[in-house]
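Survey of secondary and tertiary structure
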Amino acid sequence: MVRFENVGMRYGMGPEVLRDISFKLETGSISFLTGPSGAGKSSLLRLMYLAHRPSRGHITMFGEDVNVLPRAEMPPLRRRIGVVFQEFRLLDHMSALENVCLPLMVTGAPREGYLSDVRELLTWVGLGDRMNATPPTLSGGEKQRVAIARAVVAQPDLLLADEPTGNVDPELGIKLLRLFMELNRMGTTIMIATHDMALVDRAQDAMHMHIDQGQLSVVRMSEGALP
Amino acid sequence: MTRFFAYIRQFLDRLAAIRSAVVPPADGARWPLHLVIAVMCFLASIALGITLTVSNIAEEWSADLAGVITVQIKPREEMAMEDQIARALEIIEATPGIASAARVPATSAAELLEPWLGAVTLPEDIAVPQLIDVRLAPGGDPDLTALTQRLTNAVPGAEVDDHFRWKARLGAFAGSLEALAIAALFLIVAATVAIVVFATRAAMEANREIIEVLHLIGARDKFIAGEFQVQFLWVGLRAGLIGAVVAAVLLLSLTIFAGGRGEFFLPGLGVTWQTYPALLLVPLLAAGVSVMTARLTAMSVLGQRL
Ligand SMILES: Nc1ncnc2c1ncn2[C@@H]1O[C@H](COP(=O)(O)OP(=O)(O)O)[C@@H](O)[C@H]1O
Ligand SMILES: [Mg+2]
């Protein structure tokens, strides 16, 4: 599903923030990416959700060589990827409901076709009574849940979550982890970047990769996966 | 009938629903843009009015260019009016390049003066100038200076009014005025395009984060461009309507207040009535130009991103 081969990345003319990254995500797997702040977790995810091109190496996503992928062919690929951004990146002028509708709206699907599903999803993440609130009026934890709902609403094949439990109390963190495990059981490939080791220890059969100063090492393999 | 109204209502509802769904409308912050486009549309309306009117006049006048000269015979003491006319006709008909000459049926003094004095009873014997209509032979180019010379020598009180000459000159002037107005129209459109390019870039810069998020969740450039397009559709329509209405009011009041006198000297110098329905095109044109420009600008800006 995802394959990195000797990937390097830099921002503009800056130093390489990722060096010689090689790994593979199997379809249906769940993996954790840990590392100290500034290690390059977000940067690695950014490469995966096609927000940035690698400065060297090869990235294959869903069998497509990202290095040579024309711009026009990125949207269909991006629609298969759900992202929970570290800073949420919700649209502040739109209600929680509209924010969650967004990934479906941009596909041009008719609104009546998904509105009730979106409401149901928001209720399920505990925001049934906050649907019409705009992000600036939501708490950190509420925003987190809106961001997660937006990431999963279009049923992506790959879910990338950048510090999804960073803004919530441990109890909600565990609930969110269960949500991710549930999605994974239903077939979604998941990668979670976190510095919360307790979270990683709770998912013993997940793959665990560690990144430090731009260099990746595999701490623990999940069954059947190869580095 | 009710179905028809239902259809109209549905259409209007759909029209009202055409607004950007995702990019926040910055209408409040956009009044300078509205102002500039409204001014452009005002100028375009005036230019359009001039173009239509002038082309009307030029057409009317060039239709007269078949070539008519009027010879006016003023009453003089030394010769009777009938003799004056007979002699003038003789001289004119003898001139090469003239097809025909005929006396314009006499108008009574009372009729001539009526517009000025109202219906009045005048003494029957007040002499008034009489007119001779002279038609030039097709392609004929008589020496009018010589003809004038001969006429004034032989007939006291004769005056040659070669108004087709100055009409021709006026026609040419009208033609260049028309060309000028059309050129102005093109420049106005070009300026509007430039303004909308600027405004679109600014709007996209202001909504950079939204655009990036839209891209990352899989929106195509077309979708994002559409968001901006729709905003400029309304800006163009609104500003165009304002500009055209202001221009229409101005032109109408000019025609009403100045038209009374202007009409007397130069018939049809008020703006032709066709201008007013044509002004309806201005907001549509403004909306069209804005939408097209916003789209092309947005697509080219987006094309430079990842
Ligand atoms: N937009 C950016 N421009 C330049 N440097 C950046 C940018 N984003 C992150 N970096 C740098 O890249 C390195 C890795 O950052 P990041 O991927 O955000 O780490 P993490 O998510 O693990 O905290 C850091 O040194 C950071 O300063
Ligand atoms: Mg980070």
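Heads up: the structure comes first, above all this text.
Fair warning: this is a prediction, and the values are worked out from it, not measured in the lab. (Residues numbered from 1 in each chain as written. Chains lettered and ligands numbered in written order. Predicted model: local features only at pLDDT ≥ 70, side-chain atom pairs only at ≥ 80, totals over all residues. Heavy atoms only, no water.)

**Here we look at the overall build of chain B**
The helix and strand tally for chain B stands at 10 helices and 4 strands. Buried positions account for 38% of the 306 residues belonging to chain B. Carbon together with sulfur atoms contributes 67% to the accessible area of chain B, which is approximately 17,400 Å² in total. (Helix = DSSP H or I, 4+ residues; strand = E, 2+ residues; numbered from the N terminus. Buried < 20%, exposed > 50% of the residue type's maximum accessible area, 1.4 Å probe, protein only. Areas by Shrake-Rupley, 256 points an atom, 1.4 Å probe, with all protein chains shown as cover.)

**Side note on the overall build of chain A**
In terms of regular secondary structure, chain A is built from 7 helices and 10 strands. A compact globule built from 227 residues should have a C-alpha radius of gyration of about 17 Å, and chain A, at 17 Å, falls within 12% of that. Relative to its 227 residues, chain A shows a buried fraction of 53%. For chain A, long-range pairs separated by at least 24 residues make up 65% of all intrachain contacts whose partners lie at least 6 apart in sequence. Carbon and sulfur atoms provide 49% of the accessible area of chain A, an area that totals close to 10,000 Å². (Rg over C-alpha atoms; globule rule 2.2 N^0.38 Å. Contact = heavy atoms within 4.5 Å.)

**Digging into the packing of aromatic side chains**
Residue and element names in this part refer to chain A. Within the structure shown, the criterion is met by 2 aromatic pairs over all chains. Consider the rings of Phe4 and Phe23, whose centres lie 4.7 Å apart with planes at 25 degrees: the pair is stacked. Residue Phe4 is found in strand S1 (residues 2–10), and its partner Phe23 is found in strand S2 (residues 16–25); the two are separated by 19 residues along the sequence. Classification of Phe4 as buried rests on a relative accessible area of 1%. Geometry around Phe62 places Arg80 over its ring, the cationic atom sitting 4.0 Å from the centre. Against the face of Phe85 rests Arg89, its NZ or CZ located 5.2 Å from the ring centre. (Phe/Tyr/Trp six-rings, centres within 6.5 Å; stacked < 30°, edge-to-face > 60°. Lys NZ or Arg CZ within 6 Å of the ring centre and 35° of its normal.)

**Let's talk about the sheet that holds strand S1 (residues 68–73) of chain B**
Residue and element names in this part refer to chain B. The strand order S2-S3-S1-S4 describes an open sheet built from 4 strands, whose pairing is antiparallel. The sheet terminates laterally at strand S2 (98–103) and strand S4 (158–161), the two strands that pair on one side only. On average, each strand axis in the sheet is tilted by 20 degrees relative to the strand beside it, whichever way the strands run. For S1 and S4, the ladder comprises 4 bridges, and the chain directions are antiparallel. Within S4, the residue paired with Ile73 across the bridge is Ala158. Its contacts with the sheet place helix H5 (residues 144–154) against S1, S2 and S4, and it is angled at close to 165 degrees to S4. (Pairing = 2+ DSSP bridges. Axes fitted to C-alpha atoms, helices over the stretch in contact; angles between N-to-C directions.)

**Remarks on unusual backbone geometry**
Trans peptide bonds make up the majority, and among non-glycine residues the majority have a negative phi. Residues and elements named next belong to chain A. The phi torsion at Phe62 lies on the positive side, around 50 degrees, for a residue other than glycine. Among the residues examined, Phe62 registers a relative accessible area of 14% and is labelled buried. In the Ramachandran plot, Arg89 falls in the positive-phi region, its phi being about 55 degrees despite a non-glycine side chain. Classification of Arg89 by relative accessible area gives buried; the value is 13%.

**Some remarks on the packing of helix H5 (residues 140–152) of chain A against helix H6 (residues 170–185) of chain A**
Residue and element names in this part refer to chain A. For the pair H5 and H6, the least separation of the axes is 12 Å and the interaxial angle reads 5 degrees. In terms of their interaxial angle, H5 and H6 are classed as roughly parallel. From H5, Gln144, Arg145, Ile148 and Val152 reach across to H6, where they touch Leu172, Leu176, Leu179, Phe180 and Leu183. Taken together, the residues that form the contact of H5 with H6 break down as 7 nonpolar, 1 polar and 1 charged. (Parallel < 35°, antiparallel > 145°, perpendicular 65-115°, else oblique. Nonpolar A, V, L, I, M, F, W, Y, C, P; charged D, E, K, R; others polar.)

**What about the pattern of salt bridges?**
Residue and element names in this part refer to chain A. If you walk through the whole model with that rule in mind, you get 15 salt bridges over all chains. For Arg3, the salt bridge is made with Glu5, and the minimal N-O distance between the two is 3.8 Å. The exposure class of Arg3 is partly exposed, given its relative accessible area of 37%. Sharing partners across several salt bridges, the network here consists of Glu16, Asp20 and Arg56. (Salt bridge = Lys/Arg side-chain N within 4 Å of Asp/Glu carboxyl O.)

**Some thoughts on a nonpolar patch on the surface**
Taken together, the side chains of Met1, Phe4, Phe5, Tyr7 and Ile8 of chain B define a hydrophobic patch exposed on the protein surface, amounting to about 610 Å² of accessible area. Turning to its location among the elements, Tyr7 of chain B is positioned in helix H1 (residues 2–16). (Patch = residues over 30% accessible without salt bridge, like charges linked within 9 Å, V, L, I, M, F, W, Y side chains within 5 Å.)

**Notes on the pairing of strand S6 (residues 81–84) of chain A**
Looking along a regular strand, one sees side chains alternate from face to face of the sheet. Residues and elements named next belong to chain A. Across the two faces of S6 the burial is the same, with Ile81 and Val83 and Gly82 and Val84 all buried. Looking at chain direction, S6 and strand S7 (residues 158–162) are connected through 4 bridges and run parallel. Along S7, the bridge assignment pairs Val84 with Ala161.

**Observations concerning the coordination of the magnesium ion (ligand 2)**
Listed as protein donors to the magnesium ion (ligand 2) are Ser42 of chain A (OG) and Gln86 of chain A (OE1); their distances from the metal cover 2.0 to 2.2 Å. On the criterion of sequence distance, the pair formed by Ser42 of chain A in helix H1 (residues 41–48) and Gln86 of chain A in the loop between S6 and helix H3 (96–105) is long-range, its members being 44 residues apart. (Donors = N, O, S within 2.8 Å, 3.2 Å for Na, K, Ca; no water.)

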